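Report on the structure
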Amino acid sequence: MADPSSYRPKPGQIPDSPGVYRFRDEHRRVIYVGKAKSLRQRLANYFQDLANLHPRTRTMVTTAASVEWTVVSTEVEALQLEYSWIKEYDPRFNVKYRDDKSYPHLAVTMNEEFPRVQVMRGAKKKGVRYFGPYGHAWAIRDTVDLLLRVFPVRTCSAGVFKNASRTGRPCLLGYIGKCSAPCVGRVSPEEHRELAEEFCDFMAGRTGTYIRRQEQQMADAAEEMEYERAARLRDNIEALKKAMEKSAVVLADATDADLMAVAEDELEAAVQIFHVRGGRVRGQRGWVTDKVEAVTTGDLVEHALQQLYGEETGDSVPREVLVPALPEPVEPVQEWLTARRGSNVSLRIPQRGDKKALMETVQRNALQALALHKTRRASDLTTRSRALEEIAEALDLDSAPLRIECYDISHLQGDDVVASMVVFEDGLQRKGEYRRFQIKGFAGQDDVRSMHEVITRRFKRYLVEKERTGEWTDGETDGEDAAADASESLAPGIPPVQTADSGTSFAGTAGAGTDAPGIAGTGTDVSGTAGSASGGGLPAGALSEDDGRPKRFAYPPQLVVVDGGRPQVAAAQRALDELGIDDIAVCGLAKRLEEVWLPGEDDPVVLPRTSEGLYLLQRVRDEAHRFAITYQRAKRAKRFRSGPLDDVPGLGESRRQALIKHFGSVKKLRSATIDQICEVPGVGRKTAETIVIALAQAAPAAPAVNTATGEIMEDDEDAAPGTTAGPAEEPVTAGASDERRGQET
């Protein structure tokens, strides 16, 4: 635990201007990002008597080892930079809202020639119009099913669309009138796009126009005694009205607004948002967060607005945002929202009328969401805490292993040998820090030797990171790895960090770290520290600013778990001993009896079958196995799909396909002359000579045998590599597949 006074900036170092600051821990990882109208006043609050600080703030400043700041021109710029850094660094002490689920949207792919209506989740794509989010995917499908009677837009996948175009027959929806069948030319691309535009207009709330138009067409058809057509139009009108009833009118003046409510206690907060378009609730979503810093309701609202609109532009940001409390100050946030939309945005608290009543409904939803989350998490937290305590007790550790890394080796009879590293923190997966390895030190099947190589490579990188950041300066390091890590560039769009006393600087740092030299030849330091510091170890010309994110192997675990028994555990421990690391525990989990093996022990530790600790170790081990075998299968499939052209230097995918298209097969290409190969567009004489040499050196593959009929398939090279009709497999004898599958580890 660090003393904040050890890295407190000297008087006068911090500028009295708007800016963004970040605290780093001893591993140089950014743990907190904040903004301030006056950096000097705000940072001074963190370095007062610890007894006067909020408990969470006190934990943060004692965890930190240095502080940096970046000066900006306005508070709006500070808000934008703060959002960018929180998104980039994922600081542990910042408020981070967690979606309680991945909300589905109704999406219309206007970026395609024939727009498609579908359910989409995840990140938004350019050129796609989104409506929602919705609470359930079935709600979207019900609405779309009703609207397709009136707006028969394509809903099929690209594969189905191409197949229908090839056969000249539409799918079932085309026959029953719920698709205009552009795949077979019933409508032109322009007519189909117009249908998609009308669908989007209706979903955006402009419903009256279409209902009145349908009613007029129905009346005209009845007047002309076209009763069947009039009946269809009547059904269409009923479908539109039924779709509208699914989102009742809540604001009579056809308002476009987002309403946000917050329910909070001392430890957690829940946010609920209703998206109102055209006076109707078109979507709803919710977030939950741990209050890891001392925040007010206005601060929670500000963070939620950043997450909600940080990636949105145009009409995705409504004209009006109603909140339970205003951020302080409110002007920069309102200016930022206005810039995102491109026109004025009103950010206010509803005081009376329908908007106040709807806000109360949103608030009730937030309270229920918080209560439900606490009920679920109470059990989950208790279980995870008990599991970590049981592991610590069984392995005789000083404290609970908050970070666990697990390693597994995977191969198929010694081919494509790979390894995986998975990370669990506080008993939960940390997928962003998973890593994969290819075994490079030797060829063949040797799990023990492979485990030794992987552990050595992982922790050698850890020692390099420690030396680079000044935490550890003795011992040997891998120069290549250090140079590779040191060459990482600054994140784009982020101002450089400079020393606090370097004259006309834009930013400064304070802490007990290392002074990294500036970019060679510039004559200016772009990074530094104030306080007690030692000379840096980066080579001249390397970018010196650490980007603050968790590096590939910079954060050490408290426990290393290997998938295997005594030999694998001994190999892992030997690798750590050779590197001089003695503060990381090692254990192995054997598959057959689920025994826990420790280094140097003749007998395993047997945990009860009902133990939460054993269950957590099994989850970690199984996740490492899944991650390793997925990578191994991908490598094997890629190798099976590869052909002799893949090894030709300088020959990319486009020219490989052009060669196969021109000659029809690799077999015919092998018999072609250099002049004939030069006839292929984009292939010069030098490349043609290289192709001829490579194909001459590559022995032709043995003919494949159809195991069902015994027929020899002589022309198996006629297809282009990677275009097989089914999954690639090794040629094995009948009945051998189960045996081979059992040897895949």
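This one's a predicted model, so the numbers in the text were calculated from it and none came from an experiment.

Time to look at the overall build of the chain. If you tally the helices and strands in the chain, you get 21 helices and 24 strands. Nonlocal contacts in the chain, meaning residues at least 24 apart in sequence, comprise 63% of its contacts between residues at least 6 apart. When the accessible surface of the chain is split by element, carbon and sulfur atoms take 49% of a total near 37,100 Å².

With that out of the way, let us pick up unusual backbone geometry. Each neighbour pair has its own omega, and for glutamate 328 with proline 329 the value is -5°, a cis peptide bond. Secondary-structure assignment places proline 329 in the loop between strand 11 (320–322) and helix 11 (331–341). The phi dihedral of alanine 181 is positive, around 55°, even though this residue is not glycine. Along the chain, alanine 181 falls in the loop between helix 6 (172–175) and helix 7 (189–203).

Let us look at the packing of aromatic side chains. Scanning all chains against the criterion turns up 13 aromatic pairs. For the pair tyrosine 7 and phenylalanine 47, a centre-to-centre distance of 5.6 Å together with 75° between the ring planes defines the contact as edge-to-face. Placement of tyrosine 7 in the segment before strand 1 (19–25) and of phenylalanine 47 in the loop between helix 1 (39–46) and helix 2 (55–63) is noted, with a sequence separation of 40 residues between them. You'll find tyrosine 7 and phenylalanine 47 in the same group, each marked buried. Here the aromatic residues Tyr7, Tyr21, Phe23, Tyr32, Tyr46 and Phe47 are joined through ring pairs into a cluster of three or more. Sitting over the face of the ring of tryptophan 85, arginine 22 holds its NZ or CZ atom 4.1 Å from the ring centroid. Positioned over the ring face of tyrosine 631 is arginine 436, at 4.2 Å from the centre of the ring.

The next thing to look at is the confidence of the model for the chain. When pLDDT drops low, the exact placement of atoms in the prediction is not to be read closely. In this model, the chain carries a mean pLDDT of 76, and residues with pLDDT of at least 70 account for 76%. The secondary structure element of the chain with the lowest average pLDDT is strand 19 (residues 534–535), at 34, and the one with the highest is strand 20 (residues 559–563), at 93. Here residues 472–546 is modelled with pLDDT under 50, and outside its nearest four sequence neighbours on either side it reaches 147 contacts, counting other chains as well. Counting interchain partners and residues more than four positions distant, the pLDDT-below-50 stretch residues 715–743 has 29 contacts.

Sheet architecture is open: three strands sit in the order 6-5-7, paired in antiparallel fashion. At either margin of the open sheet sits one strand with a lone partner, and together these are strand 6 (117–120) and strand 7 (129–131). In this sheet, neighbouring strand axes are inclined to one another by 35° on average, regardless of whether the strands run parallel or antiparallel. Looking at chain direction, strand 5 (residues 105–108) and strand 7 are connected through three bridges and run antiparallel.

In this structure, threonine 143 sits in helix 4 (residues 137–147). In this structure threonine 143 comes out as buried when scored by relative accessible area, which is 9%. For the pair threonine 143 and methionine 203, spaced 60 residues apart in sequence, the C-alpha to C-alpha distance is 9.8 Å.

Taken together, Glu113, Glu190, Glu191, Glu194 and Glu197 make up a surface patch of like negative charges. You can call glutamate 194 partly exposed: its relative accessible area is 49%.

Relative to the helices and strands, glutamine 272 resides in strand 9 (residues 268–277). The contact partners of glutamine 272, leaving out residues within four places of it in the chain, are Leu259, Met260, Ala261, Gln284, Arg285, Gly286, Val362, Asn365, Ala366 and Ala369.

As a further point, take helix 2. By the burial criterion, the buried members of helix 2 are Arg56, Thr57, Met60, Val61 and Thr62. If you follow the buried residues of helix 2, they end up packed against strand 1, strand 2 (30–36), helix 1 and strand 3 (64–71).

Along its 13 residues, helix 20 (residues 685–697) runs 18 Å from first to last C-alpha, staying within 8% of the 18 Å computed at 1.5 Å per residue. Looking only at helix 20, the buried set comprises Thr687, Ala688, Ile691, Ala694 and Leu695. All buried residues of helix 20 lie within an arc of 130° about the axis, which places them on one face of the element. Exposed residues lying more than 90 degrees from the buried face of helix 20 are Lys686, Ala696 and Gln697. On its buried side, helix 20 packs onto helix 17 (653–663), helix 18 (666–670) and helix 19 (674–678).

Another aspect to go through is the pattern of salt bridges. Opposite charge on two side chains makes pairing possible when the charged atoms of those side chains draw close. This structure, assessed with the given rule, holds 27 salt bridges. The salt bridge involving lysine 178 is made with aspartate 145; its shortest N-O contact spans 2.8 Å. Of this pair, lysine 178 sits in the loop between helix 6 and helix 7 while aspartate 145 sits in helix 4, and the two are 33 residues apart along the sequence. By relative accessible area, which is 16% here, lysine 178 ends up buried. Accessibility expressed as a relative area gives 39% for aspartate 145, which makes it partly exposed. Measuring nitrogen to oxygen at the nearest pair gives 3.8 Å for the salt bridge that ties arginine 430 to glutamate 425. A relative accessible area of 25% places arginine 430 in the partly exposed class. The network of salt bridges with shared partners includes Arg29, Asp90, Arg403, Glu405, Glu425, Arg430, Glu433 and Arg458.

Conventions used here
Residues numbered from 1 in each chain as written. Predicted model: local features only at pLDDT ≥ 70, side-chain atom pairs only at ≥ 80, totals over all residues. Heavy atoms only, no water. Helix = DSSP H or I, 4+ residues; strand = E, 2+ residues; numbered from the N terminus. Contact = heavy atoms within 4.5 Å. Areas by Shrake-Rupley, 256 points an atom, 1.4 Å probe, with all protein chains shown as cover. Phe/Tyr/Trp six-rings, centres within 6.5 Å; stacked < 30°, edge-to-face > 60°. Buried < 20%, exposed > 50% of the residue type's maximum accessible area, 1.4 Å probe, protein only. Lys NZ or Arg CZ within 6 Å of the ring centre and 35° of its normal. pLDDT = per-residue confidence, 0-100. Pairing = 2+ DSSP bridges. Axes fitted to C-alpha atoms, helices over the stretch in contact; angles between N-to-C directions. Patch = residues over 30% accessible without salt bridge, like charges linked within 9 Å, V, L, I, M, F, W, Y side chains within 5 Å. Salt bridge = Lys/Arg side-chain N within 4 Å of Asp/Glu carboxyl O. Lys, Arg positive; Asp, Glu negative; His and termini not counted. Charge placed at Lys NZ, Arg CZ, Asp CG, Glu CD. Expected span 1.5 Å × (residues − 1). Arc of directions from axis to C-beta.

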